[in-house]
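Understanding the architecture of this molecule
One letter stands for each residue in the lines below.
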Amino acid sequence: MFNIVIFGKPGSGKGTQANFLKEKYNLYHISTGDLFRKNISNQTKLGIEAKSYLDNGDLVPDSVTIKMLENEVLSNKELNGYIFDGFPRTLNQAESLDDFLSSINLKINATIALDVNEDELITRLLDRGKTTNRSDDQDIEKIKNRFNEYNTKTSILINFYNKQDKFFSVDGKGSVENITSRLFGLVDSLI
Ligand code: AMP
(Lines give C-alpha, C1' and ligand atoms only; values in the text may rest on other atoms or scores of the structure.)
Protein backbone atom coordinates (compact mmCIF):
# COMPACT_ATOMS: atom_id res chain seq x y z
CA MET A 1 0.00 0.00 0.00
CA PHE A 2 1.12 3.57 -0.63
CA ASN A 3 -0.29 6.12 1.81
CA ILE A 4 0.05 9.83 1.19
CA VAL A 5 -0.68 12.89 3.29
CA ILE A 6 -1.44 15.89 1.09
CA PHE A 7 -0.48 18.92 3.08
CA GLY A 8 -0.81 22.69 2.74
CA LYS A 9 -2.62 25.82 3.82
CA PRO A 10 -6.34 26.32 3.14
CA GLY A 11 -6.85 26.93 -0.58
CA SER A 12 -3.56 25.40 -1.65
CA GLY A 13 -5.36 22.88 -3.88
CA LYS A 14 -5.20 19.78 -1.67
CA GLY A 15 -8.71 18.57 -2.53
CA THR A 16 -8.35 19.19 -6.27
CA GLN A 17 -5.00 17.44 -6.49
CA ALA A 18 -6.05 14.60 -4.16
CA ASN A 19 -8.75 13.75 -6.70
CA PHE A 20 -6.16 13.34 -9.48
CA LEU A 21 -3.82 11.35 -7.25
CA LYS A 22 -6.64 9.08 -6.12
CA GLU A 23 -7.56 8.23 -9.72
CA LYS A 24 -4.03 7.62 -10.94
CA TYR A 25 -2.79 5.54 -8.01
CA ASN A 26 -6.11 3.92 -7.02
CA LEU A 27 -6.15 5.43 -3.55
CA TYR A 28 -9.02 6.03 -1.15
CA HIS A 29 -9.39 9.79 -0.61
CA ILE A 30 -10.23 10.90 2.92
CA SER A 31 -10.90 14.62 3.38
CA THR A 32 -11.72 15.42 7.00
CA GLY A 33 -13.17 18.79 5.92
CA ASP A 34 -15.56 17.01 3.50
CA LEU A 35 -16.50 14.48 6.19
CA PHE A 36 -17.33 17.27 8.62
CA ARG A 37 -19.38 19.13 5.99
CA LYS A 38 -21.28 15.93 5.13
CA ASN A 39 -22.07 15.36 8.81
CA ILE A 40 -23.16 18.97 9.20
CA SER A 41 -25.56 18.81 6.25
CA ASN A 42 -26.96 15.48 7.51
CA GLN A 43 -27.28 17.03 10.99
CA THR A 44 -25.62 14.06 12.69
CA LYS A 45 -24.43 14.29 16.31
CA LEU A 46 -20.87 14.69 15.02
CA GLY A 47 -21.98 17.43 12.61
CA ILE A 48 -23.78 19.35 15.34
CA GLU A 49 -20.65 19.13 17.50
CA ALA A 50 -18.34 20.29 14.69
CA LYS A 51 -20.43 23.06 13.15
CA SER A 52 -19.37 26.06 15.21
CA TYR A 53 -15.69 25.21 14.73
CA LEU A 54 -16.02 25.10 10.95
CA ASP A 55 -18.13 28.28 10.94
CA ASN A 56 -15.37 30.15 12.76
CA GLY A 57 -12.43 28.60 10.92
CA ASP A 58 -11.19 26.91 14.12
CA LEU A 59 -9.86 23.37 14.22
CA VAL A 60 -12.31 20.77 15.55
CA PRO A 61 -10.98 19.14 18.75
CA ASP A 62 -8.59 16.23 18.20
CA SER A 63 -10.71 13.71 20.11
CA VAL A 64 -13.60 14.13 17.64
CA THR A 65 -11.43 14.35 14.52
CA ILE A 66 -9.16 11.38 15.21
CA LYS A 67 -12.06 9.01 15.94
CA MET A 68 -13.86 10.09 12.76
CA LEU A 69 -10.70 9.52 10.69
CA GLU A 70 -10.04 6.08 12.16
CA ASN A 71 -13.61 4.97 11.46
CA GLU A 72 -13.31 6.12 7.86
CA VAL A 73 -10.06 4.18 7.33
CA LEU A 74 -11.47 1.01 8.89
CA SER A 75 -14.61 1.16 6.74
CA ASN A 76 -12.68 1.48 3.44
CA LYS A 77 -9.86 -1.00 3.17
CA GLU A 78 -10.01 -2.34 -0.36
CA LEU A 79 -7.76 -0.03 -2.45
CA ASN A 80 -4.00 0.51 -2.96
CA GLY A 81 -3.70 3.00 -0.15
CA TYR A 82 -5.09 6.19 1.30
CA ILE A 83 -4.68 9.83 0.52
CA PHE A 84 -5.22 11.90 3.65
CA ASP A 85 -6.39 15.42 2.78
CA GLY A 86 -6.61 17.93 5.63
CA PHE A 87 -5.46 15.41 8.22
CA PRO A 88 -3.31 15.48 10.31
CA ARG A 89 -3.43 19.14 11.32
CA THR A 90 -1.92 18.91 14.84
CA LEU A 91 1.03 17.08 16.34
CA ASN A 92 -1.35 14.96 18.39
CA GLN A 93 -3.23 13.96 15.21
CA ALA A 94 0.04 13.08 13.44
CA GLU A 95 1.24 10.92 16.34
CA SER A 96 -2.16 9.24 16.64
CA LEU A 97 -2.18 8.55 12.90
CA ASP A 98 1.23 6.86 13.08
CA ASP A 99 0.12 4.73 16.04
CA PHE A 100 -3.20 3.85 14.48
CA LEU A 101 -1.70 2.93 11.09
CA SER A 102 0.97 0.81 12.71
CA SER A 103 -1.73 -1.03 14.70
CA ILE A 104 -3.17 -2.16 11.34
CA ASN A 105 0.28 -2.77 9.78
CA LEU A 106 0.31 0.36 7.66
CA LYS A 107 2.37 3.55 7.60
CA ILE A 108 2.55 6.94 5.91
CA ASN A 109 4.87 6.70 2.90
CA ALA A 110 5.01 10.38 1.97
CA THR A 111 3.73 13.77 3.06
CA ILE A 112 3.49 16.19 0.15
CA ALA A 113 2.97 19.90 0.72
CA LEU A 114 1.56 22.28 -1.87
CA ASP A 115 3.44 25.51 -1.43
CA VAL A 116 1.47 28.72 -2.17
CA ASN A 117 1.82 32.17 -0.57
CA GLU A 118 -0.98 33.59 1.61
CA ASP A 119 -1.83 36.53 -0.69
CA GLU A 120 -2.59 34.17 -3.55
CA LEU A 121 -4.52 31.87 -1.21
CA ILE A 122 -6.77 34.71 -0.01
CA THR A 123 -7.67 35.49 -3.64
CA ARG A 124 -8.34 31.82 -4.38
CA LEU A 125 -10.48 31.28 -1.26
CA LEU A 126 -12.62 34.39 -1.74
CA ASP A 127 -13.12 33.28 -5.33
CA ARG A 128 -14.15 29.78 -4.25
CA GLY A 129 -16.50 31.34 -1.68
CA LYS A 130 -18.49 32.95 -4.52
CA THR A 131 -19.43 29.59 -6.01
CA THR A 132 -19.77 27.38 -2.91
CA ASN A 133 -21.83 27.77 0.21
CA ARG A 134 -18.77 27.72 2.44
CA SER A 135 -19.09 30.60 4.89
CA ASP A 136 -15.47 30.02 5.96
CA ASP A 137 -14.39 30.98 2.41
CA GLN A 138 -16.44 34.19 2.32
CA ASP A 139 -15.05 36.15 5.23
CA ILE A 140 -11.50 37.47 5.32
CA GLU A 141 -11.31 37.26 9.13
CA LYS A 142 -12.26 33.57 9.06
CA ILE A 143 -9.71 32.93 6.32
CA LYS A 144 -7.03 34.66 8.39
CA ASN A 145 -8.03 32.60 11.41
CA ARG A 146 -7.61 29.42 9.36
CA PHE A 147 -4.09 30.57 8.35
CA ASN A 148 -3.38 31.28 12.00
CA GLU A 149 -4.54 27.77 12.99
CA TYR A 150 -2.24 26.38 10.29
CA ASN A 151 0.74 28.51 11.30
CA THR A 152 0.43 27.80 15.03
CA LYS A 153 -0.75 24.15 15.07
CA THR A 154 -0.12 22.50 11.69
CA SER A 155 3.15 23.87 10.30
CA ILE A 156 5.15 22.06 13.02
CA LEU A 157 4.29 18.84 11.21
CA ILE A 158 6.82 19.78 8.52
CA ASN A 159 9.52 19.08 11.08
CA PHE A 160 7.72 15.95 12.33
CA TYR A 161 7.66 14.38 8.84
CA ASN A 162 11.10 15.75 7.90
CA LYS A 163 12.57 13.83 10.81
CA GLN A 164 11.04 10.69 9.35
CA ASP A 165 12.43 11.60 5.86
CA LYS A 166 8.88 11.69 4.51
CA PHE A 167 8.34 15.39 3.80
CA PHE A 168 8.27 16.74 0.22
CA SER A 169 7.23 20.14 -1.01
CA VAL A 170 5.86 20.92 -4.45
CA ASP A 171 5.32 24.36 -5.98
CA GLY A 172 1.52 24.83 -5.78
CA LYS A 173 1.40 27.84 -8.11
CA GLY A 174 0.57 27.69 -11.81
CA SER A 175 -2.03 25.76 -13.78
CA VAL A 176 -3.83 22.81 -12.21
CA GLU A 177 -2.36 20.52 -14.91
CA ASN A 178 1.21 21.64 -14.22
CA ILE A 179 0.82 21.08 -10.49
CA THR A 180 -0.67 17.64 -11.12
CA SER A 181 2.27 16.64 -13.30
CA ARG A 182 4.73 17.85 -10.65
CA LEU A 183 2.90 15.65 -8.11
CA PHE A 184 2.78 12.61 -10.40
CA GLY A 185 6.52 13.03 -11.10
CA LEU A 186 7.26 13.07 -7.40
CA VAL A 187 4.99 10.12 -6.50
CA ASP A 188 6.37 8.05 -9.40
CA SER A 189 9.87 8.62 -8.06
CA LEU A 190 8.82 7.41 -4.58
CA ILE A 191 6.78 4.32 -5.41
P1 AMP B 1 -10.89 21.97 4.91
O2 AMP B 1 -12.03 21.56 4.05
O3 AMP B 1 -9.77 20.95 4.94
O4 AMP B 1 -10.39 23.36 4.62
O5 AMP B 1 -11.44 22.00 6.43
C6 AMP B 1 -12.51 22.86 6.78
C7 AMP B 1 -12.64 22.92 8.28
O8 AMP B 1 -12.90 21.61 8.82
C9 AMP B 1 -11.41 23.39 9.04
O10 AMP B 1 -11.32 24.82 9.07
C11 AMP B 1 -11.70 22.81 10.42
O12 AMP B 1 -12.72 23.53 11.10
C13 AMP B 1 -12.28 21.45 10.08
N14 AMP B 1 -11.22 20.42 9.93
C15 AMP B 1 -10.89 19.74 8.81
N16 AMP B 1 -9.90 18.87 9.03
C17 AMP B 1 -9.57 19.00 10.34
C18 AMP B 1 -8.59 18.40 11.18
N19 AMP B 1 -7.74 17.49 10.72
N20 AMP B 1 -8.55 18.79 12.49
C21 AMP B 1 -9.41 19.71 12.98
N22 AMP B 1 -10.33 20.34 12.23
C23 AMP B 1 -10.42 20.00 10.92
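Check the entry above for the structure.
Residues numbered from 1 in each chain as written. Predicted model: local features only at pLDDT ≥ 70, side-chain atom pairs only at ≥ 80, totals over all residues. Heavy atoms only, no water.

Description of the packing of aromatic side chains
Under the criterion given, the structure shown has 6 aromatic pairs. Ring plane angle 85° and centroid distance 5.0 Å describe the contact between Phe-160 and Tyr-161, whose orientation is recorded as edge-to-face. One exposure class covers both Phe-160 and Tyr-161, and it is buried. Connected via pairs of aromatic rings, a cluster forms that spans Phe-7, Tyr-150 and Phe-167. When the ring centre of Phe-184 is taken as origin, the NZ or CZ atom of Lys-24, which lies over that ring, is 5.1 Å away. (Phe/Tyr/Trp six-rings, centres within 6.5 Å; stacked < 30°, edge-to-face > 60°. Buried < 20%, exposed > 50% of the residue type's maximum accessible area, 1.4 Å probe, protein only. Lys NZ or Arg CZ within 6 Å of the ring centre and 35° of its normal.)

Description of the nonpolar core
Judged by nonpolar contacts, the single largest core of 29 residues is most densely connected at Phe-84, Leu-97 and Tyr-161. Considering each element in turn, this core owes the most residues, 5 residues, to helix 4 (residues 62–74). With residues near it in sequence (within four places) discarded, Tyr-161 still touches Val-5, Pro-88, Ala-94, Leu-97, Ile-108, Thr-111, Lys-166 and Phe-167. The next biggest cluster of nonpolar side chains, apart from the first, holds 16 residues, and it includes Ile-6, Leu-27, Ile-112 and Leu-114. (Core = buried A, V, L, I, M, F, W, Y, C linked by side-chain atoms within 4.5 Å. Helix = DSSP H or I, 4+ residues; strand = E, 2+ residues; numbered from the N terminus. Contact = heavy atoms within 4.5 Å.)

Overview of the sheet that holds strand 3 (residues 82–85)
Within the open sheet, the 5 strands sit side by side as 2-3-1-4-5. Their pairing is parallel. Taken across any chain shown, the strands that pair with only one partner, and hence form the sheet edges, are strand 2 (28–31) and strand 5 (167–171). Here the average twist between neighbouring strands, direction ignored, is 20°. Here 4 bridges tie strand 1 (residues 4–7) to strand 4 (residues 110–115), and the two strands are oriented parallel to one another. Paired with Ile-4 across the two strands is Ala-110, which belongs to strand 4. The strands touched by helix 2 (residues 32–41) within the sheet are strand 2 and strand 3, with strand 2 carrying the most contacts at an inclination of about 65°. Running over the sheet, helix 9 (residues 176–190) touches strand 1, strand 4 and strand 5 and is turned about 155° from strand 5. (Pairing = 2+ DSSP bridges. Axes fitted to C-alpha atoms, helices over the stretch in contact; angles between N-to-C directions.)

Looking at helix 3 (residues 45–56)
Restricting attention to buried positions, one finds in helix 3 the residues Gly-47, Ala-50 and Leu-54. Axial view of helix 3: buried residues confined to an arc of 80°, hence all on one face. Seen from the buried face of helix 3, the exposed residues on the opposite side, beyond 90 degrees, are Lys-45 and Ile-48. Of the surrounding elements, those touching the buried residues of helix 3 are helix 2. Of the residues trailing helix 3, Gly-57 is marked for its positive phi of about 80°. (Arc of directions from axis to C-beta.)

As for the site of the ligand
Near the ligand there are 16 residues, and of these Thr-32, Arg-37, Asp-58, Gly-86 and Arg-89 occur at the shortest range. Arg-37 places a side-chain nitrogen or oxygen 2.9 Å from an oxygen atom of the ligand. In this structure, Arg-89 approaches the ligand through a side-chain N or O atom, which is 2.9 Å from a nitrogen atom. Contact with the protein chains removes 96% of the 480 Å² of surface that the ligand exposes when unbound. Of all elements in the fold, only helix 2 and helix 3 reach the threshold of two or more residues within the shell around the ligand. Here the element with the most residues in the shell around the ligand is helix 2; it accounts for 4 residues. (Near = heavy atom within 4 Å. Polar contact = N/O pair within 3.5 Å; in protein donor to acceptor, adjacent residues only side chain to side chain. Areas by Shrake-Rupley, 256 points an atom, 1.4 Å probe, with all protein chains shown as cover.)

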